[in-house]
Amino acid sequence: MNYDALLVVSFGGPEKHEDVIPFLENVLRGRNVPRERMLAVAEHYYHFDGKSPINQQTRDLIAAIKNELHQHGPDLPVYWGNRNWHPMLADTLRQMKQDGIQRALAFVTSAYSSYSGCRQYREDIARAQAEVGAGAPHIDKIRVFFNHPGFLEATEDRLKEALVQIPESARDNVQVVYVAHSIPMSMANTSDYVKQLEEVKRLNSAAIGVTNDVLVYQSRSGAPGQPWLEPDILDHLREVKDKQLASAVVIAPISFISDHMEVLYDLDIEAKQLCDELSLPMARAKTVGVHPTFIAMIRELILERTAGAERRSWGSLGPREDICADNCCPAPQRPMRPETIRS
């Protein structure tokens with residue numbers, strides 16, 4: 001298949017104080033969320049002067065991709081569109097249309113299958129195409145890559161870097177706490193999200209020789225009565241101390257590819273403060289970011305679609321299909337009562 005460009009699609013985030021509320025209103029569009037909850041989440045951003053690191057990290061990612069494609073090909077132009085903040089997807093597709101782009105591949109900054117991690121991005125792209133109208137470029141989404149060797153090797157390197165940060169006196173029984181973004185059970189039950197996370201945990205622990213590991217979740221939101229994936233990371237850290245499950249913990253946020261706001265606030269502030277209170281040594285593994293092996297993986301995924309390159313994967317689940325089935329990862333049923341939001 002011939003493609004004219006690569007489109008990087010991300011969540012987006014505010015870049016200054018006055019962006020925070022409009023950004024959160026974009027995130028919340030169509031959802032019945034109490035304003036006081038939105039203002040509470042806004043405080044997370046104000047803690048960092050209203051600037052989320054995600055946009056700059058996406059710029060860094062794009063620069064690394066451009067360099068990789070320029071050096072090794074295919075030398076495609078790279079565009080960038082966000083779901084919730086500038087540059088917005090519709091504006092980017094409008095520019096692509098003006099530039100004569102007819103067919104593009106989309107790399108979504110989400111490694112896993114779920115409604116919010118895959119289908120919703122495809123819906124966002126379709127909505128932007130409809131807004132642009134006739135002549136909007138055709139967009140094909142690149143497959144999810146949770147079990148691609150490039151993602152796993154980069155994650156392994158980040159884990160090794162974190163493990164050596166644990167004081168030698170506490171290294172006798174370190175637990176690797178793999179952390180993923182929690183989602184509603186109604187979403188988890190209709191996708192392979194948990195199965196894929198468990199596979200990443202298994203493969204990485206085997207690669208670094210760790211047997212004391214666990215998968216937990218962060219950033220739970222939603223109505224109190226709505227079930228979400230558990231256990232919560234803070235609850236688990238208390239259990240580690242109470243039951244003496246480990247002498248130290250390495251926290252590895254495997255569901256994100258960049259150290260954005262939820263990583264910085266939920267892990268580097270809240271989880272770190274709790275570990276300090278518990279006298280539990282902690283190190284936090286970086287996300288893959290612009291790790292060279294991860295960037296090379298993105299090129300491989302492009303070559304799968306443009307040149308029929310080998311569809312590499314590790315583990316038992318195999319490479320995910322390129323085209324999602326019509327019934328894949330359906331939207332969860334929203335509760336009728338007001339709900340809270342993720343941060």
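Preceding this section is the structure that the text describes.
Just so you know, these numbers come straight off a predicted model, no measurement behind them.

Time to look at the overall build of the chain. Check the secondary structure of the chain and you find eleven helices and eight strands. Since a compact globule built from 343 residues should have a radius of gyration of about 20 Å, the 20 Å found for the chain is in line with a globular shape. For the C-alpha atoms alone, the extent of the chain along its principal axes is close to 60 × 45 × 40 Å. The proportion of buried residues among the 343 residues of the chain is 55%. Of the roughly 14,800 Å² of accessible surface on the chain, a fraction of 48% belongs to carbon and sulfur atoms. Distance between charge centroids for the chain: 3 Å, based on 38 positive and 46 negative side chains.

What follows covers the packing of helix α3 (residues 54-72) against helix α11 (residues 292-307). At a minimum axis distance of 9 Å, the contact between α3 and α11 shows a crossing angle of 60°. In terms of orientation, α3 lies oblique with respect to α11. Of the two elements, α3 crosses α11, and the hand of that crossing is right-handed. Along its contact with α3, which presents Leu 61, Ala 64, Ile 65, Glu 68, Leu 69 and His 72, the element α11 presents Phe 294, Ile 295, Ala 296, Ile 298, Arg 299 and Ile 302. Broken down by class, the residue content of the contact of α3 with α11 amounts to nine nonpolar, one polar and two charged.

What follows concerns the sheet that holds strand β1 (residues 5-10). As summarised here, the arrangement of the four strands in space is β2-β1-β3-β4, forming an open sheet in which the pairing is parallel. With partners counted over all chains shown, the strands left at the sheet margins are β2 (78-82) and β4 (138-141), one partner each. In this sheet, neighbouring strand axes are inclined to one another by 30° on average, regardless of whether the strands run parallel or antiparallel. When β1 meets β2, the two strands line up parallel, connected through five bridges.

As a further point, take helix α8 (residues 193-208). Counted at 1.5 Å a residue, the expected span for α8 with its 16 residues is 22 Å, and the 23 Å between its end C-alpha atoms agrees. Of the residues making up α8, those classed as buried are Tyr 193, Gln 196, Leu 197, Glu 199, Val 200, Lys 201, Leu 203, Asn 204, Ser 205 and Ile 208. On its buried face, α8 is in contact with α6 (149-163), β5 (174-181) and β6 (213-218). Downstream of α8 by one or two residues, Gly 209 has phi in the positive range, about 75°.

The next thing to look at is the side chain of Thr 155. With respect to the helices and strands, Thr 155 occurs in helix α6. Once you skip the residues sitting within four places of it in the chain, Thr 155 turns out to touch Asn 204, Ile 254 and Val 288.

Attention now moves to the state of the cysteines. Defined simply, a disulfide is a covalent bond joining two cysteines at their sulfur atoms. According to the stated counting rule, one finds zero disulfides in the structure shown. The thiol of Cys 324 is unpaired, and the distance to the nearest cysteine sulfur, on Cys 118, comes to 3.9 Å.

Within the structure shown, the criterion is met by 26 salt bridges. Residues Arg 83 and Asp 124 are paired through a salt bridge, measuring 2.6 Å at the closest nitrogen-oxygen approach. Note that Arg 83 is positioned in the loop between β2 and α4 (89-98) and Asp 124 in helix α5 (residues 115-132), a separation of 41 residues in sequence. Look at Asp 124 and you get buried, because its relative accessible area is 7%. As a salt-bridge pair, Arg 94 and Glu 131 come within 3.1 Å of each other at their nearest N and O atoms. Highlighted residues: Arg 94 in helix α4 and Glu 131 in helix α5, separated in sequence by 37 residues. What makes Glu 131 exposed here is its relative accessible area of 53%. In the salt-bridge network here, residues are joined through shared partners; they are Arg 143, Glu 304, Arg 305, Arg 311 and Asp 322.

All right, on to the sheet that holds strand β8 (residues 282-284) then. The parallel open sheet is built from four strands, whose spatial order is β6-β5-β7-β8. Pairing within the sheet leaves two strands with one partner each, and these edge strands are β6 and β8. Across the sheet, the mean angle from the axis of one strand to that of its neighbour is 25°, orientation sign disregarded. Along the sheet, α8 makes contact with β5 and β6, crossing β6 at roughly 140°. Sitting on the sheet, helix α9 (residues 233-243) touches β5, β6 and β7 (248-253), and the angle it makes with β6 is about 140°.

What counts and what doesn't
Residues numbered from 1 in each chain as written. Predicted model: local features only at pLDDT ≥ 70, side-chain atom pairs only at ≥ 80, totals over all residues. Heavy atoms only, no water. Helix = DSSP H or I, 4+ residues; strand = E, 2+ residues; numbered from the N terminus. Rg over C-alpha atoms; globule rule 2.2 N^0.38 Å. Buried < 20%, exposed > 50% of the residue type's maximum accessible area, 1.4 Å probe, protein only. Areas by Shrake-Rupley, 256 points an atom, 1.4 Å probe, with all protein chains shown as cover. Lys, Arg positive; Asp, Glu negative; His and termini not counted. Charge placed at Lys NZ, Arg CZ, Asp CG, Glu CD. Axes fitted to C-alpha atoms, helices over the stretch in contact; angles between N-to-C directions. Parallel < 35°, antiparallel > 145°, perpendicular 65-115°, else oblique. Left-handed = near helix turned anticlockwise from the far one by under 90°. Contact = heavy atoms within 4.5 Å. Nonpolar A, V, L, I, M, F, W, Y, C, P; charged D, E, K, R; others polar. Pairing = 2+ DSSP bridges. Expected span 1.5 Å × (residues − 1). Disulfide = S-S within 2.5 Å. Salt bridge = Lys/Arg side-chain N within 4 Å of Asp/Glu carboxyl O.

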